[in-house]
Amino acid sequence: MTIRAISDLHLASPANRDALQELPFFPDDWLILAGDVAERFDHVRLAFTTLTEKFAKVFWVPGNHDLWAIPEEGGKGPALVGEERYRALVDLARAYGVVTPEDPFEVWTGPGGPCAIAPLFLLYDYSFRPDHIERHEVVAWAREQNSVCADEMFLNPAPFESREAWCARRCDEAEARLSALPEGMETILVNHFPMREDLIRIPRAPRFSPWCGTRRTEDWHRRFNARVVISGHIHIRRTDWRHGTRFEEVSLGYPRQWDQEKGMAPYLRTILGEEADVQEPASALR
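Read on for a plain summary of the structure. If you're wondering where the values come from, they're calculated on a predicted model, not measured in any experiment.

Basis of the calculations
Residues numbered from 1 in each chain as written. Predicted model: local features only at pLDDT ≥ 70, side-chain atom pairs only at ≥ 80, totals over all residues. Heavy atoms only, no water. Helix = DSSP H or I, 4+ residues; strand = E, 2+ residues; numbered from the N terminus. Rg over C-alpha atoms; globule rule 2.2 N^0.38 Å. Buried < 20%, exposed > 50% of the residue type's maximum accessible area, 1.4 Å probe, protein only. Contact = heavy atoms within 4.5 Å. Areas by Shrake-Rupley, 256 points an atom, 1.4 Å probe, with all protein chains shown as cover. Lys, Arg positive; Asp, Glu negative; His and termini not counted. Charge placed at Lys NZ, Arg CZ, Asp CG, Glu CD. Pairing = 2+ DSSP bridges. Axes fitted to C-alpha atoms, helices over the stretch in contact; angles between N-to-C directions. Phe/Tyr/Trp six-rings, centres within 6.5 Å; stacked < 30°, edge-to-face > 60°. Expected span 1.5 Å × (residues − 1). Arc of directions from axis to C-beta. Core = buried A, V, L, I, M, F, W, Y, C linked by side-chain atoms within 4.5 Å. Salt bridge = Lys/Arg side-chain N within 4 Å of Asp/Glu carboxyl O.

A word on the overall build of the protein chain
Part 1 of the reasoning: Scanning the protein chain for helices and strands turns up 7 helices and 10 strands.
Part 2 of the reasoning: In terms of overall dimensions, the protein chain is globule-like: its C-alpha atoms have a radius of gyration of 18 Å, near the 19 Å expected for 286 residues.
Part 3 of the reasoning: Taking the principal axes of the C-alpha coordinates as reference, the protein chain spans close to 50 × 50 × 40 Å.
Part 4 of the reasoning: Looking at the protein chain as a whole, 56% of its 286 residues are labelled buried.
Part 5 of the reasoning: Within the protein chain, counting contacts between residues at least 6 apart in sequence, those at least 24 apart form 75% of the total.
Part 6 of the reasoning: When the accessible area of the protein chain is evaluated, it comes to approximately 12,200 Å², of which 49% is carbon and sulfur surface.
Part 7 of the reasoning: Taking the average location of the 34 positive side-chain charges in the protein chain and that of its 45 negative ones, the two points are 2 Å from each other.

In structure tokens form, the structure reads like this:
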């Protein structure tokens with residue numbers, strides 16, 4: 001029994017869809033799917049159909065691409081936006097038995113447990129920007145180095161007045177739920193966007209950080225007793241340690257960012273379970 005994780009499947013790509021369907025079965029394992037499955041509902045549906053057949057339990061959190069207001073193929077009505085789109089994705093996930101940020105936290109009692117798995121949808125609030133850059137300057141500043149996120153065109157926060165307001169509401173709700181966990185319960189925090197600014201290193205887009213999270217979650221791994229924090233979004237797979245907590249970036253990414261000859265299975269990150277043997281290095285930040 002093992003908890004595995006992956007994100008950023010980006011199923012608009014035929015190569016990624018093929019790899020998904022060729023993924024082996026893991027009938028005893030739980031899978032965490034940390035966002036950016038696809039822009040279209042039919043591709044998200046493909047992911048849920050396939051992965052719930054291959055894993056014992058699946059968890060999902062939305063990424064920014066999942067929330068883009070993209071019309072469905074064939075012009076099947078207007079594109080859903082903002083909170084309405086998110087709630088429609090939650091309904092779709094639940095139809096397949098997939099655990100969402102709106103559901104009670106599940107407790108893993110297998111090897112390495114007990115540990116509460118907390119799927120989160122926290123979004124971002126542009127606070128991952130240099131202190132000397134004002135909020136109204138962010139887009140122009142990022143454009144100077146071709147780092148503006150496409151969310152500025154496609155991610156509509158309706159009915160909230162801004163993405164910052166939506167982020168604040170999501171953080172309020174998540175904070176309350178995490179605070180209600182039993183004292184001493186360890187957690188696995190799952191969010192598409194990184195939860196610490198110091199984990200963001202994107203050489204190809206050096207000014208992309210404002211679209212990557214919120215400073216509000218900087219200490220949540222300590223406050224909420226996190227064994228592991230899982231994220232995607234950056235498309236740079238890596239393991240980091242902060243204060244005894246393991247941070248895993250678990251992206252697959254676009255076809256050019258992974259070895260298609262290997263298939264998708266090697267990119268499933270082991271989080272907890274019989275196969276997990278991850279030791280904190282002596283150099284980790286305490």
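There's plenty left to go through after this.
Some words on the side chain of Ser209
Part 1 of the reasoning: In this fold, Ser209 is placed in the loop between strand 6 (187–190) and helix 7 (220–223).
Part 2 of the reasoning: Accessibility expressed as a relative area gives 15% for Ser209, which makes it buried.
Part 3 of the reasoning: Those residues in contact with Ser209 that sit more than four places away from it in its chain are Phe128 and Ile200.

Observations regarding the sheet that holds strand 2 (residues 26–33)
Part 1 of the reasoning: A sheet is described by the order of its strands in space; here 4 strands give the open sequence 3-2-1-10, paired in mixed fashion. Of all strands in the sheet, those bounded by a partner on one side alone are strand 3 (55–60) and strand 10 (269–273). Between one strand and the next, the sheet's axes are offset by a mean angle of 25°, whatever the strand orientation.
Part 2 of the reasoning: Note: strand 1 (residues 2–6) against strand 2, 4 bridges, orientation parallel. Looking across to strand 2, one finds that Ala5 is bridged to Ile32.
Part 3 of the reasoning: Across the face of the sheet, helix 2 (residues 41–54) comes into contact with strand 2 and strand 3 while running at roughly 140° to strand 3.

Section: the packing of aromatic side chains
Part 1 of the reasoning: All told, the structure shown has 15 aromatic pairs when counted by the stated rule.
Part 2 of the reasoning: Judged by centre distance (4.9 Å) and plane angle (40°), the ring pair of Trp68 and Phe154 falls under tilted. Note that Trp68 is positioned in the loop between strand 3 and helix 3 (82–95) and Phe154 in helix 5 (residues 151–154), a separation of 86 residues in sequence.
Part 3 of the reasoning: What makes Trp68 buried here is its relative accessible area of 10%.

What about helix 6 (residues 163–179)?
Part 1 of the reasoning: Helix length check: helix 6 (17 residues) gives 24 Å between terminal C-alpha atoms against 24 Å at 1.5 Å per residue, within 8%.
Part 2 of the reasoning: All of the buried residues in helix 6 are Arg163, Trp166, Cys167, Arg170, Cys171, Ala174, Glu175 and Leu178. Along helix 6, the residues classed as buried sweep out an arc of 160° about the axis, all on the same side.
Part 3 of the reasoning: Packing partners of the buried residues in helix 6 comprise helix 3, strand 5 (115–119), helix 5, strand 6 and helix 7.

Observations concerning the nonpolar core
Part 1 of the reasoning: Core analysis: the biggest nonpolar cluster contains 73 residues, and Leu51, Trp60 and Trp220 have the highest contact counts within it.
Part 2 of the reasoning: If we skip the residues at most four places from it in the chain, Trp220 touches Leu120, Leu122, Cys171, Ala174, Glu175, Leu178, Leu189, Met195 and Asn225.

Comments concerning the environment of Trp141
Part 1 of the reasoning: With respect to the helices and strands, Trp141 occurs in helix 4 (residues 138–143).
Part 2 of the reasoning: Distance in space between the C-alpha atoms of Trp141 and Arg207 is 7.7 Å, their sequence separation being 66 residues.
Part 3 of the reasoning: In contact with Trp141, not counting residues within four places along its chain, are Pro130, Ile133, Arg207 and Pro210.

Regarding the pattern of salt bridges
For side chains bearing opposite charge, pairing can occur when the charged atoms are close.
Part 1 of the reasoning: Tallying each qualifying case throughout the model produces 24 salt bridges.
Part 2 of the reasoning: Between Glu152 and Arg163 there is a salt bridge whose closest N-O contact spans 3.5 Å. With Glu152 in helix 5 and Arg163 in helix 6, this pair connects stretches of sequence that are 11 residues apart.
Part 3 of the reasoning: Here Glu197 and Arg215 are joined by a salt bridge, their closest N and O atoms 3.2 Å apart. With Glu197 in the loop between strand 6 and helix 7 and Arg215 in the loop between strand 6 and helix 7, this residue pair connects regions lying 18 residues apart in the sequence.
Part 4 of the reasoning: Exposure remark for Glu197: the relative accessible area of 27% places this residue in the partly exposed category.
Part 5 of the reasoning: Judged by relative accessible area, which is 35%, Arg215 ranks as partly exposed.
Part 6 of the reasoning: Connected via shared salt-bridge partners are Glu83, Arg87, Glu102, Arg170 and Glu173.

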